[in-house]
Amino acid sequence: MIYTDLCIIGAGPVGLFAVFEAGLLKMRCHVMDVLPQIGGQLSEIYPKKPIYDIPGYPVVLAQELVDNLAKQIAPFNPTFTLGERVEKIERQEDGAFILETNEGTQCHAKAVVIAGGLGCFEPRKPALENLDTYEGKGIDYMVRNPEKYTGKKVVVAGGGDSALDWVIYLAELTEELTLVHRGSSFRGAPDSADKVMKLAEEGKLNLKLNSEVTALNGNGVLKECLITNKEGKIELVASDYFIPLFGLSPKLGPIADWKLNLDRNAITVNVEDYATNVEGVYAIGDINQYPGKLKLILSGFHEAALMAQSAYRVVNGGKKASLKYTTVNGIQSF
Ligand SMILES: Cc1cc2nc3c(=O)[nH]c(=O)nc-3n(C[C@H](O)[C@H](O)[C@H](O)COP(=O)(O)OP(=O)(O)OC[C@H]3O[C@@H](n4cnc5c(N)ncnc54)[C@H](O)[C@@H]3O)c2cc1C
């Protein structure tokens, strides 16, 4: 059993910053995430994308922000359980909670902070017959390590930001790159769409509009994608990798069963401190919902600060936290 003051579900940017705000108030944190690494959507979906709306950073790559958050919270020695999904939260007679993961790891916490973002998100998969045969053997639903595609034949499918951004990035690395999109225009940012069209004009990208990948061939590992256009013309494209980027379907997962008030797949909270309807359980970041909510990283950071002040009272028998500036003595004095 892990004992802590706050158990934070979700190691996205907001869960990580909650460790900092809690640390300033001398609360110990244990963070749990179903993903094998910290960073939430930033590390999982768009690690190499630049972010422009983090105060104090004119521009920062998503993974760089995560790395900096990890540095910022290190002095507070948070502990982590990664690669495990929190399945259960049970309130104890003394008001504390015991959380349990799908692997049976248990955490005893005086308060719980749900920073679960979109929930346990899963990629939307194309409807192809033998898809599971090639999962991990040529099919990737997310680009985790772009370098692995160096010198390879890659087929990307999709027409949103993710597909466009990765095609622009991968064009420099791959031996042969194909983008398959079932529409005739892209949903992603116009600037990215222009860059993709230019790559196609320069011969650095095989662009297949009005087309879909309709079958996969190989012998244990992926060898080729069968691409069919709207006129029914079929083409076989040699492929080491097929990367369908059709977005993620957010699945609230076990959070839906925790008797919390929900509104459109998000947890409704009190805007004073982001408390849920269950005393001692807070929800911050993309997972919560309130009038005027903006699903932005900076909103989650603000919510983490207010949550920590309130959670302090829960953890310390009703005692009120006093606000101190970090500029006075640095963080070590907190
Ligand atoms: C392509 C893209 C670009 C974006 N660009 C910007 C931008 O420029 N600026 C901006 O402010 N925002 C941007 N966003 C939004 C931003 O990423 C989110 O607002 C932010 O990630 C929310 O952080 P979070 O910590 O609340 O949740 P997340 O980052 O979603 O992290 C939540 C974590 O909780 C985990 N989790 C959920 N349920 C469980 C469970 N039961 N057990 C264990 N773990 C669980 C998940 O695995 C996940 O790691 C962008 C989003 C996308 C998709």
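Residues numbered from 1 in each chain as written. Predicted model: local features only at pLDDT ≥ 70, side-chain atom pairs only at ≥ 80, totals over all residues. Heavy atoms only, no water.

A rise of 1.5 Å per residue sets the reference length of helix α1 (residues 13-24), with its 12 residues, at 16 Å; its end C-alpha atoms lie 17 Å apart and thus fit the reference within 8%. Burial within α1 is extensive, with 12 of its 12 residues counted as buried. The set of residues buried in α1 consists of Pro13, Val14, Gly15, Leu16, Phe17, Ala18, Val19, Phe20, Glu21, Ala22, Gly23 and Leu24. Positioned one or two residues after α1, lysine 26 has a phi angle of 60 degrees, which is positive. (Helix = DSSP H or I, 4+ residues; strand = E, 2+ residues; numbered from the N terminus. Expected span 1.5 Å × (residues − 1). Buried < 20%, exposed > 50% of the residue type's maximum accessible area, 1.4 Å probe, protein only.)

Tracing the sequence through the fold places serine 211 in strand β13 (residues 211-218). A residue is classified by how much of its surface remains accessible, and serine 211, at 6% relative accessible area, is buried. The residues contacting serine 211, other than those within four sequence positions of it, are Val180, His181, Arg182, Ile227, Thr228 and Asn229. (Contact = heavy atoms within 4.5 Å.)

Quick look at the site of the ligand now. Close to the ligand lie 33 residues; Asp33, Gln41, Tyr46, Asp53 and Asp286 are nearest. Glutamine 41 is positioned with one of its side-chain polar atoms (N or O) 2.8 Å from an oxygen atom of the ligand. If you list the elements that add at least two residues to the shell around the ligand, you get α1, β2 (29-33) and α2 (40-44). The residue inventory of the shell around the ligand, partitioned by class, reads 17 nonpolar, nine polar and seven charged. (Near = heavy atom within 4 Å. Polar contact = N/O pair within 3.5 Å; in protein donor to acceptor, adjacent residues only side chain to side chain. Nonpolar A, V, L, I, M, F, W, Y, C, P; charged D, E, K, R; others polar.)

Reading across the sheet, the four strands line up as β12-β11-β10-β16 and stay open at both edges, with parallel pairing between neighbours. Of all strands in the sheet, those bounded by a partner on one side alone are β12 (206-208) and β16 (241-244). Here the strands of the sheet are splayed against their neighbours by 15 degrees on average, with no regard to which way each runs. Packed on one face of the sheet, helix α5 (residues 161-170) meets β10 (153-157), β11 (176-180) and β16 and runs near 165 degrees to β11. (Pairing = 2+ DSSP bridges. Axes fitted to C-alpha atoms, helices over the stretch in contact; angles between N-to-C directions.)

A separate point is the sheet that holds strand β19 (residues 266-268). Read across the sheet, three strands follow the order β18-β19-β21 without closing on themselves; strand pairing throughout is mixed. Either end of the sheet is taken by a strand with one partner, and the two such strands are β18 (262-263) and β21 (288-289). Here β19 runs beside β21; their pairing, made up of two bridges, is parallel. The residue of β21 that forms the bridge with threonine 268 is glutamine 289.

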